[in-house]
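A look at the structure
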Amino acid sequence: MWDAFKDFIFWCISSVYSVFGDWGMAILIITIIFRCLLFPLMQKQIRSNYQMQKVQPLMQEIQKKYADDPQRQQEEMQKIYAEAKFNPLAGCLPIFLQMPIFVALFQVLQEMPTRTAGSGYQFYNLIPDLTQTPSSSFGQGIVSFIPYAILLIIFAGATFLPMVLQQISTPDNPQKKQTLIMSGFMTLFMLWIGWGSPGGVLLFWGASSIFGVAQQQITMRTLKKKDQEEEADIIDIKPVEVDITRKEKKKRPTKKR
């Protein structure tokens, strides 16, 4: 089953390669196609995260109000999650979906010499060999290492950049600090993983992460602009002034006695 999946990944890349004649471009196009398939899922998650940002003050009030009652605090927080349609685990879903492709591409690139009879695996003149790892290129000198170092930084930094950008726009709270610290540790962990990963894997993951960052920023700006326009419309709507002229009451005739 796994070998069939690897063969499928190789078939996809080699099919695009037959059109463009470059392995790096083939990996980029496969990455874009994959991100387009994930686009609706990511849009739903970004909108959900945006709604959660809007209710952050309410969540902080709940945490203070029910600080001595964790069960009640959890119940109230679950209500907010339900109203915002927020799933904390959904944010990790795109990463989980990319992991099988990451591992399969890792192994396919290692098997490239046997699969393609030893042809070149460059990305135009930018990356000389997509099957080579940053660790191996480092031993060949600084000049050879530079393109792999750039890929490594993008691979590690762009992975958790959406999470960092989202937290920067939220008010200061313990959860924000924990998230930023966790993102820092995970970035270092990704650097360690990327150090021994082929350049083609770093290209795939880095391009996918940049696509995700761009989608997040564009969607968030669109949502904020929409909210601002709605607020402006509410302000512009003035109450209708109704001129009510009360009729003077006629004096009731007095009866003659």
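To start, this report covers the structure provided alongside it. On a predicted model such as this, the values are computed, not experimentally measured, just so you know.

Considerations on a negative patch on the surface
Taken together, the side chains of Glu229, Glu230, Glu231 and Asp233 present a region of like negative charge at the surface. Mapped onto the elements of the fold, glutamate 230 is located in helix H11 (residues 199-236). Accessibility expressed as a relative area gives 40% for glutamate 230, which makes it partly exposed.

Details of the packing of aromatic side chains
Following the criterion strictly, the structure yields 14 aromatic pairs and no others. Ring centres 6.3 Å apart and planes at 50 degrees place the aromatic pair phenylalanine 34 and phenylalanine 204 in the tilted group. Taken together, the residues phenylalanine 34 in helix H2 (residues 23-54) and phenylalanine 204 in helix H11 connect sequence positions 170 residues apart. There is no split in this pair, since phenylalanine 34 and phenylalanine 204 are both buried. Relative to tyrosine 124, the ring of phenylalanine 123 lies with its centre 5.7 Å away and its plane at 45 degrees, an arrangement referred to as tilted. When its relative accessible area of 9% is taken as the criterion, phenylalanine 123 is described as buried. Taken together, the aromatic side chains of Phe10, Tyr17, Trp23 and Tyr121 make up a single cluster linked through ring pairs. Over the aromatic face of phenylalanine 10 sits the side chain of arginine 115, whose NZ or CZ is 5.1 Å from the ring centroid.

Structural notes on the packing of helix H1 (residues 2-20) against H2
As a packed pair, H1 and H2 sit with axes 8 Å apart at the nearest point and diverge in direction by 120 degrees. As judged from the angle between their axes, H1 and H2 are oblique. Note on packing geometry: the crossing formed by H1 with H2 is right-handed. Across the interface between the two elements, Phe10, Cys12, Ile13, Ser14, Val16, Tyr17 and Phe20 from H1 touch Trp23, Met25, Ala26, Ile27, Ile29 and Ile30 from H2.

Quick notes on the pattern of salt bridges
A side chain of one charge can pair with a side chain of the opposite charge if their charged atoms are brought near each other. Considering all chains together, one arrives at six salt bridges under this definition. With its nearest N and O atoms 3.1 Å apart, the salt bridge here joins aspartate 7 to arginine 115. Here aspartate 7 is found in helix H1, whereas its partner arginine 115 is found in helix H6 (residues 112-116), with 108 residues between them in sequence. Taken together, the shared-partner salt bridges in this structure form one network comprising Asp3, Lys6, Asp7, Glu111 and Arg115.

A short note on the environment of glutamine 107
Checked against the element boundaries, glutamine 107 lands in helix H5 (residues 93-110). On a C-alpha basis, the gap between glutamine 107 and threonine 131 in space is 9.9 Å, while along the polypeptide they are 24 residues apart.

Brief notes about a nonpolar patch on the surface
Together, Phe138, Ile142, Ile146, Ile150 and Trp195 line one region of the surface with nonpolar side chains, adding up to about 490 Å² of accessible area. Take the nonpolar patch: its biggest share by element is three residues, from helix H8 (residues 142-157). Tracing the chain through its elements places isoleucine 146 in helix H8.

A closer look at the side chain of glutamine 215
Counting through the fold element by element, glutamine 215 comes out in helix H11. Within the structure, the side chain of glutamine 215 is placed 3.0 Å from the side chain of glutamine 43, a separation counted as a polar contact. Those residues in contact with glutamine 215, other than ones at most four positions away along the chain, are Arg35, Phe39, Met42, Gln43 and Ile46.

Looking at the layout of surface pockets
In this structure, the second largest pocket encloses a volume near 200 Å³. Contributions of two or more residues to the lining of the second largest pocket are made by H1, H2 and H5. Its residues placed into classes, the lining of the second largest pocket shows twelve nonpolar, one polar and no charged.

Criteria and thresholds
Residues numbered from 1 in each chain as written. Predicted model: local features only at pLDDT ≥ 70, side-chain atom pairs only at ≥ 80, totals over all residues. Heavy atoms only, no water. Patch = residues over 30% accessible without salt bridge, like charges linked within 9 Å, V, L, I, M, F, W, Y side chains within 5 Å. Areas by Shrake-Rupley, 256 points an atom, 1.4 Å probe, with all protein chains shown as cover. Salt bridge = Lys/Arg side-chain N within 4 Å of Asp/Glu carboxyl O. Lys, Arg positive; Asp, Glu negative; His and termini not counted. Charge placed at Lys NZ, Arg CZ, Asp CG, Glu CD. Helix = DSSP H or I, 4+ residues; strand = E, 2+ residues; numbered from the N terminus. Buried < 20%, exposed > 50% of the residue type's maximum accessible area, 1.4 Å probe, protein only. Phe/Tyr/Trp six-rings, centres within 6.5 Å; stacked < 30°, edge-to-face > 60°. Lys NZ or Arg CZ within 6 Å of the ring centre and 35° of its normal. Axes fitted to C-alpha atoms, helices over the stretch in contact; angles between N-to-C directions. Parallel < 35°, antiparallel > 145°, perpendicular 65-115°, else oblique. Left-handed = near helix turned anticlockwise from the far one by under 90°. Contact = heavy atoms within 4.5 Å. Polar contact = N/O pair within 3.5 Å; in protein donor to acceptor, adjacent residues only side chain to side chain. 1 Å grid on protein atoms, 1.4 Å probe; cavity = no way out; pocket = protein on both sides within 12 Å on 5 of 7 lines; lining within 4 Å. Points joined across faces, edges and corners; volume = space filled by probe spheres on them. Nonpolar A, V, L, I, M, F, W, Y, C, P; charged D, E, K, R; others polar.

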